[in-house]
Amino acid sequence: STVLRAQQTAEPVAERWGLPLRVHPSLHEGHVGDLHARVDDEAHQALEDLLARWLVDGDLAHCRPDGETGVSLVDRLRRAVRDMLCYGSGPGVVVVVTHGAILRVALPQLCDGLSPAHTLTHHLPNTGRAVVEVLDPDGPVLSCRSWAGAPPR
């Protein structure tokens, strides 16, 4: 992610495994428009309502005033995955440190075996992980192997 706290989370992993640390411009937090920087209960509920509209109703075209759509989140993650597949020269592992909203909204659209209802009802905590396998790099078509430490449903 472009956000410093995400890079600080990624640094020890990259250091431990001798991996290059790359910042991808598409992996930033979701833009929630008029809810940005609000921490009140009303804003929290509005964010949950937005996620439900995207994940339950499938209305990915919806957005908050001055915010981005769910379609944008999916497109950004798809672009980042395609770029990551170009980084290496063959099979391997990529560790991505990004934000919950992009994962909760976009991964079900890109992954076999992960439903939007599952990501809505199973919070992915900070430093939680989703394990994803690339089935077809041309799509890319992905398969979610685990979400927050358990197989997705």
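Preceding block: the structure.
Keep in mind it's a predicted model, so treat the numbers as computed, not measured.

Caption draft 1: Expanded view of the overall build of the protein chain. Regarding its fold elements, the protein chain presents five helices and three strands. Going from N to C terminus, the protein chain has its helices and strands arranged as α-α-α-α-β-α-β-β. Expected size for 153 residues packed as a compact globule is a radius of gyration near 15 Å; at 15 Å, the protein chain falls within 12% of this value. Its C-alpha atoms give the protein chain principal-axis dimensions of roughly 45 × 30 × 25 Å. Within the protein chain, buried positions represent 34% of all 153 residues. Nonlocal contacts in the protein chain, meaning residues at least 24 apart in sequence, comprise 59% of its contacts between residues at least 6 apart.

Caption draft 2: Highlighting the packing of aromatic side chains. In the structure shown here, the tally under the stated rule is zero aromatic pairs. A cation sits over an aromatic face here: Arg 16 above Trp 17, 4.3 Å from the ring centre.

Caption draft 3: Up close: the pairing of strand S3 (residues 141–147). Most of S3 sits inside the fold, with five of its seven residues counted as buried. Inspection of the sheet shows strand S1 (residues 111–112) paired to S3 by two bridges, in the parallel sense. Residue Cys 111 lies in a different strand from S3, and its bridge partner there is Leu 142. Sheet analysis places strand S2 (residues 130–136) next to S3, joined by six bridges and oriented antiparallel. Within S3, the residue paired with Val 134 across the bridge is Leu 142.

Caption draft 4: Representation of helix H4 (residues 100–110). Taking burial as the measure, the eleven residues of H4 include eight buried ones, the bulk of the element. Inspection of H4 places Ile 102, Leu 103, Arg 104, Val 105, Ala 106, Leu 107, Pro 108 and Leu 110 among the buried residues, and these make up the whole buried set. Contact partners of the buried residues in H4: helix H2 (41–55), helix H3 (70–87), S1, helix H5 (116–121), S2 and S3.

Caption draft 5: Representation of the nonpolar core within the structure. Trp 54, Leu 77, Leu 107 and Trp 147 are the most contacted members of the largest nonpolar core, which has 29 residues in total. The set of elements that each furnish at least two residues to this core consists of H2, H3, H4 and S3. Ignoring any residue separated from it by four or fewer positions in sequence, one finds Trp 54 in contact with Asp 59, Leu 60, His 62, Glu 68, Thr 69, Gly 70, Leu 73 and Val 105.

Caption draft 6: Structural view of the sheet that holds S3. Taking strand neighbours across the sheet as the criterion, the three strands line up as S1-S3-S2 in an open arrangement whose pairing is mixed. In the strand order of this sheet, the two ends are held by S1 and S2, each with one partner. The strands that H4 touches are S1, S2 and S3; relative to S3, the one it contacts most, it runs at about 125°.

Caption draft 7: Fine view of the environment of Arg 79. By the secondary structure assignment, Arg 79 is in helix H3. On the basis of relative accessible area, Arg 79 is assigned to the partly exposed category, the value being 41%. When the C-alpha atoms of Arg 79 and Pro 140 are compared, they prove to be 9.3 Å apart, with 61 residues separating the residues in sequence. Ignoring any residue separated from it by four or fewer positions in sequence, one finds Arg 79 in contact with His 24 and Ser 26.

Reading the values: the criteria
- Residues numbered from 1 in each chain as written.
- Predicted model: local features only at pLDDT ≥ 70, side-chain atom pairs only at ≥ 80, totals over all residues.
- Heavy atoms only, no water.
- Helix = DSSP H or I, 4+ residues; strand = E, 2+ residues; numbered from the N terminus.
- Rg over C-alpha atoms; globule rule 2.2 N^0.38 Å.
- Buried < 20%, exposed > 50% of the residue type's maximum accessible area, 1.4 Å probe, protein only.
- Contact = heavy atoms within 4.5 Å.
- Phe/Tyr/Trp six-rings, centres within 6.5 Å; stacked < 30°, edge-to-face > 60°.
- Lys NZ or Arg CZ within 6 Å of the ring centre and 35° of its normal.
- Pairing = 2+ DSSP bridges.
- Core = buried A, V, L, I, M, F, W, Y, C linked by side-chain atoms within 4.5 Å.
- Axes fitted to C-alpha atoms, helices over the stretch in contact; angles between N-to-C directions.

Remember, this is a structural readout, not a statement about activity or role.
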